Amino acid sequence: AWLITALGLSLWTASAQEQSSETETPAAISAPVGPPNTSRDLYESIVEIECASLVPDYQQPWNGGRETGGTGTGFMIAPNKFVTNAHVVADNTRLLIKKYGDPEKYAAKLLHIAHDCDLAILECSDPIPFADAKPLDIGDIPKLESTVTVIGYPLGGRRLSTTRGVVSRIDFQPYSHSGADLHLAIQIDAAINPGNSGGPVLQEGKVVGVAFQGISGAVAQNVGYMIPTPVLRRFLHDIEDGQYDRYVDLAIGDFDLINPAQRLALGLEPDSSVGTLVASVSNSGSCDGMLEEGDVLLSIDGREIASNGYVEVDGEFVNMNEIVERRFKGDKVDMKILRDGQPKSVEIELKPFDPYLIQANTYDKRPRYATFAGLTFQPLDRNLMAAHNIESMAARYLYTFYVQDELFDERPEIVVLTSILPDAINSNFGGFQHSVVDKINDQKIKNLQDLYDALHPAEVPEFYVIEFFGKGLPIVVESARVEAADKRIRATYEVGLDSYLGSAEDDVPVIFN
C-alpha cells in the first residue's frame with residue numbers, strides 16, 4: 001500500500017508560484033465563533049480550488065519546468081481566508097477558487113504555506129463573492145469510534161460530495177507531502193479521494209480536521225487521514241506575525257525501556273512503566289548541551305513519559321513529541337530526567353532542526369546549480385535523488401546518514417556532479433557522474449557557493465583539480481580551454497544561465513522565466 005496525498009488531477013507537484021507585488025503583512029487569522037446554521041451556509045463556506053503549477057526540472061535545472069495542475073478543496077476559516085492543504089497549492093502559477101452554486105471562478109493568491117504540516121491559507125482577490133459566507137468554527141479532537149463527515153470536491157463528479165466515516169485511530173503518522181515529517185493524524189474509514197484534499201472534516205457542525213491523505217492499494221480500502229485541529233490551530237497561531245516559522249523539534253532519538261534488567265541497570269523500578277532512554281542527541285538541536293545519551297526521560301511539562309515514549313494528552317496516549325508539537329520557536333519545556341541514577345530537572349528552549357530538510361520534499365523553490373566545462377553540480381536533497389535516480393554508494397550514504405551521523409557539521413550541503421553535457425573538454429569523465437565533490441584545488445567544498453567560488457577564483461590556476469568523496473582519481477580540467485568550451489556547450493545545449501546559486505527569496509515561491 002502507498003500513502004498518497006489526495007490532490008485532484010495531479011498527485012505530485014514541485015514547481016513555483018507567482019509572487020504578489022504587495023509587501024503588506026496579511027492580517028492575523030483567529031478562529032471564528034459559532035457554526036453555520038444551515039446546510040446552505042455550510043456549503044457556501046467550502047470552495048473548490050484549481051491550481052496550475054510548474055514542476056522544476058532537476059535534470060536540466062536551467063529549464064523552466066513542466067506545466068501541470070490539479071484540483072482540491074478548501075474552506076473559510078476567517079472572512080475571505082481559506083484553509084487548504086499545502087500539496088493542493090504547492091508550486092502554483094495560478095490559483096482559482098469556485099464557490100458552491102456559482103459557475104464563476106475567482107482568482108486567489110497564496111498567503112501562507114506550511115509544507116511540514118501540509119496546510120496553507122488562500123485569499124480571494126475579490127472578496128465580494130464571499131461577503132455573505134460564514135467562517136467555519138474549529139472544534140476539538142473527535143473521540144475514537146465517533147462519526148465524522150468529510151466534505152469536498154473529489155474526482156467522479158463536479159458537485160460537492162459528502163462522506164461519513166468513523167474515527168478509528170489517533171496517532172503520529174508520516175505526512176506524505178513533505179516525506180520527512182511526522183505529526184498527529186486521525187485515521188477514519190471514509191475514503192479520502194483525489195480532490196478531497198483540503199476539505200473540512202466535520203462533527204456537530206464544527207471542523208475537527210482537514211482531509212489530506214489516504215492509503216491506496218490492494219491491502220487497504222477506505223482508509224483516510226485528516227489533520228487534527230491541534231495541528232491546524234498551531235499553524236494559524238504561527239502565522240499571526242505574518243510568517244511561518246516551521247515546527248520545533250527536540251532533535252533526539254529515544255529507545256523504549258521495556259526490558260526489566262535494563263530498567264534496573266539504569267536505576268528504574270523494573271515493574272514500573274515510566275521512563276524512556278535517550279539514544280542520541282543531535283548537535284545544534286534543541287537538546288544539545290542539555291540532554292546526554294543514556295539519560296532517562298521521566299516527564300515533560302509535568303506529564304509522565306511511559307516506557308514506550310508516550311504521554312497522555314486530551315485523554316489519549318500519544319508520542320511525547322506531541323507536547324513539543326504544540327509549542328513554538330523560543331518556547332521552553334521542563335523535563336525531569338534520570339542521569340547516572342540521579343534525578344535532575346532541565347529546561348529546554350525549542351527551535352527548528354534544519355538538517356533533516358535534506359530528506360524532505362522541496363517545493364516552491366527554483367533548483368540551484370552550477371555548470372562548468374559541461375559539468376553540472378547540484379546540492380543533494382530528496383528531489384535530486386529522485387530526479388537523477390542516484391545510486392552512488394557514497395552519495396546514498398551521505399544522504400541516508402546525514403542527520404544520524406551528524407554529517408551536516410562538516411558538510412552543510414552535499415554537492416554532487418549530477419550530469420555531464422558531452423564535449424571534448426570533458427571526454428572520459430562519465431565515470432564520475434553522481435559523485436560527491438570533496439575538494440577543488442585542495443579547497444574543501446562545503447556547499448554550492450564554495451564550489452562556485454573555487455571554480456571562479458581571482459587568480460586562475462593552470463588546472464582545476466576536482467576531487468570526489470571516495471574516489472581515488474580526480475577530474476582535471478585545463479583552465480585555458482574552459483571559456484571557449486563553456487560558450488560552445490551553452491549554445492549547443494541551450495543552457496540559459498551557467499549557474500543559479502539561490503537568492504534571498506528562496507524561502508518563498510518564485511516564478512521561472
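Everything here concerns the structure above.
This structure is a prediction, so every number in the text was calculated from the model and none was measured.

The buried fraction of strand 10 (residues 181–188) is high, at 7 of 8 residues. Of the strand pairs in this sheet, strand 9 (residues 161–175) and strand 10 are connected by 8 bridges, and their pairing is antiparallel. The residue bridging Arg 169 from the neighbouring strand is Gln 187, located in strand 10. Hairpin connection from strand 9 to strand 10: 5 residues lie between these consecutive antiparallel strands, with Gly 179 at a positive phi of about 80°. Pairing between strand 10 and strand 13 (residues 223–228): 3 bridges, direction antiparallel. Each bridged residue has a counterpart across the sheet, and for Gln 187 the counterpart in strand 13 is Tyr 225.

This paragraph deals with the sheet that holds strand 4 (residues 81–84). Pairing between the strands of a sheet is mediated by backbone hydrogen bonds and can be parallel or antiparallel. As summarised here, the arrangement of the 6 strands in space is 2-3-4-7-6-5, forming a closed barrel in which the pairing is antiparallel. Taken over all neighbouring pairs, the strand axes of this sheet differ in orientation by 40° on average, direction set aside. Relative to strand 7 (residues 119–124), helix 3 (residues 229–238) is tilted by about 60°, and along the sheet it contacts strand 3 (66–78), strand 4, strand 6 (105–114) and strand 7.

Bringing helix 3 into the picture now. Extensive coverage of helix 3 is indicated by the burial of 8 of its 10 residues. Restricting attention to buried positions, one finds in helix 3 the residues Thr 229, Pro 230, Val 231, Leu 232, Arg 234, Phe 235, Leu 236 and Asp 238.

Overall, the coordinates contain 17 salt bridges when judged by the stated rule. The partner of Lys 81 in a salt bridge is Glu 123, with the nearest N and O atoms 3.0 Å apart. Of the two residues, Lys 81 sits in strand 4 while Glu 123 sits in strand 7, which places them 42 residues apart along the sequence. Residue Glu 123 is classed as buried on the basis of its relative accessible area of 17%. Close ionic contact of Arg 234 with Asp 238 constitutes a salt bridge, the shortest N to O distance being 3.2 Å. Here Arg 234 and its partner Asp 238 are both found in helix 3, 4 residues apart, which amounts to about one turn of the helix.

Glancing now at the pairing of strand 6. Sheet faces and side chains relate simply in a regular strand, where the side chains alternate between the two faces. Of all the 10 residues making up strand 6, 7 are buried; the element is thus mostly covered by neighbouring parts of the structure. Linking strand 5 (residues 92–99) back to strand 6 in an antiparallel pair, the connection comprises 5 residues, with Gly 101 at a positive phi of about 80°. Joining the antiparallel neighbours strand 6 and strand 7 is a turn of 4 residues, in which Asp 118 adopts a positive phi near 60°.

Next up on the list: the sheet that holds strand 25 (residues 437–440). A sheet is described by the order of its strands in space; here 4 strands give the open sequence 26-25-27-28, paired in antiparallel fashion. In this open sheet, the two strands that pair with only one neighbour each are strand 26 (443–444) and strand 28 (475–478). For strand 25 and strand 26, the ladder comprises 2 bridges, and the chain directions are antiparallel. Bridging across to strand 26, Lys 439 finds its partner in Lys 444.

What counts and what doesn't
- Every chain is numbered independently, its residues counted from 1 as its sequence is written.
- The model is predicted, so local features are restricted to residues of pLDDT at least 70 and side-chain atom pairs to those at 80 or more, both for listing and for counting; the totals for chains, interfaces and linings are taken over all residues.
- Where side-chain values are given, they derive from all heavy atoms of the structure, hydrogens and water being excluded.
- Burial classes: relative accessible area under 20% of the type maximum marks a residue as buried, over 50% as exposed, and values in between as partly exposed (1.4 Å probe, protein chains only).
- Counting from the N terminus, the helices are DSSP H or I runs at least four residues long and the strands are E runs at least two residues long.
- Only when DSSP finds a minimum of two bridges between them are two strands counted as paired.
- Orientation is described by lines fitted to C-alpha atoms, with helices fitted over the stretch in contact, and by angles between N-to-C directions that extend from 0 to 180 degrees.
- Contacts are residue-level and defined by heavy atoms, with any inter-residue pair within 4.5 Å sufficient.
- Whenever a carboxyl oxygen of Asp or Glu lies within 4 Å of a side-chain nitrogen of Lys or Arg, that contact is scored as a salt bridge.

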